[in-house]
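Close look at the chain arrangement
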Amino acid sequence: NWFGHNYTVGFAAEIKSDKEYAEGEKERIDIKTVRGRVNYSIDPIKQKLDLSEVSKTLNSDNMESVIDINRFYLALDVTTNLGVSAKADLKIVPYYDGQADETKALISENEIVLPGSPQADDTLTTSFWVSNTDQGMPAGYKFIDLDLVELIRDLPESIQLELVAGTDKEKECVFEP
């Protein structure tokens, strides 16, 4: 669930057998275990957080404001029942006057790691604390060091969060249907 949106990822596989069947015998393959590495990319997930009303209020009448905050954080809880491990990059981009300012973008590469669920009906939740400090971080969260304070100091009109995920191609997956 990414800001109120659910995303579903499905896999399809074709299995071929060299076994020869007698005439009239029904073809049947019983799969006990499948092992392998999965190379699968998930379409990027983008969500824009609109701060325009706050920005207009603080930056009006030829006056510009700067926010002086010591600690700002983003708590991400990612729930999956995907049977393979996944990695994701997180990119946070501020927008000013409708334009992305890539020079101020914050990027976290491969720090979001999601373990594979042992079964499709088992869900796993992994929690991430994105901030310039782990102060106040609840137990069970994984810390990702990005300076969100500096990002919002000049109060952008919006912030776009982009998550680019795919399977962990280095990790062997085991499926036991």
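Up top is the structure.
Residues numbered from 1 in each chain as written. Predicted model: local features only at pLDDT ≥ 70, side-chain atom pairs only at ≥ 80, totals over all residues. Heavy atoms only, no water.

1. Some details on the pairing of strand β3 (residues 73–80)
- Judged by which residues are buried, β3 turns out to be one-sided: L74, L76, V78 and T80 face inward and are buried, whereas Y73, A75, D77 and T79, on the alternate face, are not.
- Strand direction decides the pairing type here: β3 and strand β7 (residues 124–131), joined by eight bridges, are antiparallel. Counterpart to V78 in the pairing with β7 is T126. (Buried < 20%, exposed > 50% of the residue type's maximum accessible area, 1.4 Å probe, protein only. Helix = DSSP H or I, 4+ residues; strand = E, 2+ residues; numbered from the N terminus. Pairing = 2+ DSSP bridges.)

2. Some remarks on the environment of D121
- Among the secondary structure elements, D121 is positioned in the loop between β6 (106–114) and β7.
- Under the relative-accessibility criterion, D121 is labelled exposed at 64%.
- Through-space distance from the C-alpha of D121 to that of T80 is 9.9 Å; in sequence the pair is 41 residues apart.

3. Examining the sheet that holds strand β8 (residues 141–145)
- Overall, mixed pairing links the three strands, which are arranged β3-β7-β8 in an open sheet. Since the sheet does not close on itself, it has two edges, and those belong to β3 and β8, each with one partner. Averaged over all pairs of adjacent strands, the angle between strand axes in this sheet comes to 25 degrees, irrespective of strand direction. (Axes fitted to C-alpha atoms, helices over the stretch in contact; angles between N-to-C directions.)

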